[in-house]
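Take a look at the letters that make up each chain.
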Amino acid sequence: MKIIATTRSLYGTSASRRLRNSGKTPGILYGGTDAPIPIEIDHNPIYHALKKEAFHASIHDLELDGKTTKVLLRDFQTHAFKQLVLHLDLQRVDPNKPVHMKAPLHFINAEISPAVKVSSAIINHVVNELNIICLPKDLPEFISVDLSTLQVGVSLHLKSLSLPAGVTTADNENLTIVTAVVPAGLVEEPTSAAATPTA
């Protein structure tokens, strides 16, 4: 996504309030060897972009006063009850330096796993994102977690996952990702009918 911004010259609570009332969102651009730059961005495109998962884990082109810079979304604040983005933090990206990001997990094939198909287990997602390290070009929008072989009573740990090429993680390899548990009180159907007693 291309983010179009302009340099912000007014600061403070009152200035930010006036900026939001005019349909703009205040922000800050920082990182790299250049000094931080206060910026302002049209509110509505950013508001809708923040609803998309991929926006949070992607490299974006920031066009600032005619110059394009590669950036990552590092933080944002929203109003407690209004549909309003209050502030954005964008970080400059060096293509030759690794970035530390949180990548969302997408769980697939749970419905065909032995835990669910055979034992009617409940899949518990213990974590929904990982702390990853990679070069900007290798940054994944998400990481798939294949649950097709998951057995009931077994936990899937981070060391069992296949990470995308060029991606490592800062999390402990023994981190539990999912568990499969049969709900309390669930009685499995007998595998065969009991023999009928003869007289």
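In this report, the structure presented in the accompanying data block is examined. (Residues numbered from 1 in each chain as written. Predicted model: local features only at pLDDT ≥ 70, side-chain atom pairs only at ≥ 80, totals over all residues. Heavy atoms only, no water.)

## With respect to the overall build of the protein
Inclusion rule: Elements are defined by DSSP. Helices are runs of H or I of four residues or more, strands are runs of E of two residues or more, and each kind is numbered from the N terminus. The cut-offs for exposure are 20% and 50% of the maximum accessible area for each residue type, with area from a 1.4 Å probe on protein chains only; residues under the lower value are buried, those over the upper are exposed, and the others partly exposed. Contacts between residues were defined by any pair of non-hydrogen atoms, one from each residue, lying within 4.5 Å. Shrake-Rupley sampling with a 1.4 Å probe provides the accessible areas, and residues are treated as covered by the protein chains on show and by no other component. His is not counted, nor are the chain ends; Lys and Arg add positive charge and Asp and Glu add negative charge. One atom stands in for each charge, and that atom is NZ of Lys, CZ of Arg, CG of Asp or CD of Glu.
Within the protein, the secondary structure is distributed over 3 helices and 13 strands. When its C-alpha atoms are laid out on the principal axes, the protein stretches across 95 × 40 × 25 Å. Every one of the 199 residues in the protein was classed for burial, and the buried ones make up 33%. Taking the contacts inside the protein whose residues are at least 6 apart along the sequence as the reference set, 66% of them involve residues at least 24 apart. When the accessible surface of the protein is totalled, it reaches about 12000 Å², and 54% of it is carbon and sulfur. In the protein, which carries 18 positive and 19 negative side-chain charges, the distance between the mean positions of the two groups comes to 10 Å.

## Here's the deal with the pairing of strand 4 (residues 60-64)
As a reminder, the rule being used: Strand pairing follows a simple DSSP-based rule, namely that at least 2 bridges must link the two strands.
Along strand 4, the buried face is formed by H60, L62 and L64; none of D61 and E63, which line the opposite face, is buried. Pairing geometry for strand 1 (residues 2-7) and strand 4, over 4 bridges, is parallel. Paired with K2 across the two strands is D61, which belongs to strand 4. Pairing of strand 4 with strand 5 (residues 67-78) involves 5 bridges; the strand directions are antiparallel. Bridging from a neighbouring strand, L62 pairs with T69 of strand 5. Linking strand 4 to strand 5, which pair antiparallel, is a turn of 2 residues; within it D65 sits at a positive phi near 50°.

## Things to note about the side chain of S16
Counting through the fold element by element, S16 comes out in helix 1 (residues 13-21). Ignoring anything within four residues of it in the chain, the contact list for S16 reads R8 and P26.

## Focus on the pattern of salt bridges
Here is the rule we go by: In the sections that follow, a salt bridge refers to a side-chain nitrogen of Lys or Arg positioned within 4 Å of a carboxyl oxygen of Asp or Glu.
The full count for this structure, using the stated rule, is 4 salt bridges. Salt-bridge contacts for K24 lead to D42; the nearest nitrogen and oxygen are separated by 2.6 Å. Of this pair, K24 sits in strand 2 (residues 24-30) while D42 sits in strand 3 (residues 37-42), and the two are 18 residues apart along the sequence. By relative accessible area, K24 is classed as partly exposed at 26%.

## Topic: unusual backbone geometry
Positioned with a positive phi, N109 is a non-glycine residue whose angle comes to about 65°. Following the sequence through the fold, N109 ends up in the loop between strand 7 (99-108) and helix 3 (114-117). Look at N109 and you get partly exposed, because its relative accessible area is 27%. At S120, a position not held by glycine, the phi torsion is positive, near 55°. Examined against the element boundaries, S120 turns out to sit in the loop between helix 3 and strand 8 (122-125). A relative accessible area of 41% means that S120 is categorised as partly exposed.

## Considering the nonpolar core
Nonpolar side chains tend to gather and get buried jointly when the protein is soluble and globular. Worth spelling out the cut-off: Residues belong to one nonpolar core when they are buried, are Ala, Val, Leu, Ile, Met, Phe, Trp, Tyr or Cys, and are joined through side-chain atoms within 4.5 Å.
The biggest cluster of nonpolar side chains holds 27 residues, and the ones touching the most others in it are L105, I123, L130, I132, L147, I177 and V178. Mapped onto this core, the elements with two or more residues apiece are strand 7, strand 9 (129-134), strand 10 (143-146) and strand 13 (176-181). The dominant element in this core, judged by the number of residues it contributes, is strand 7, at 5 residues. Ignoring any residue separated from it by four or fewer positions in sequence, one finds I177 in contact with L105, F107, N124, H125, V126, V127, L130, L156, H157, L158 and L161.

## Regarding the sheet that holds strand 11 (residues 155-157)
What counts, and what does not: Helix axes are fitted only over the stretch in contact, all axes being lines through C-alpha atoms; the angle between N-to-C directions runs from 0 to 180 degrees.
Taken in spatial order, the 3 strands of this open sheet run 8-13-11, and their pairing is antiparallel. Bordering the open sheet on either side are strand 8 and strand 11, each of which pairs with just one other strand. Each strand axis lies, on average, 15° off the axis of its neighbour in the sheet, ignoring direction. One ladder, built from 4 bridges, connects strand 8 with strand 13; its direction is antiparallel. The partner of N124 across the bridge, within strand 13, is T179.

## Remarks on the side chain of E40
By the element assignment, E40 lies in strand 3. Of the buried charged residues, E40 lacks a salt bridge, with K24 as the closest side chain of opposite charge at 4.7 Å. Contacts of E40, omitting those with residues within four sequence positions, involve I4, A5, T6, T7, R8, L19, K24 and T25.

Any link to function would need more than the numbers given here.
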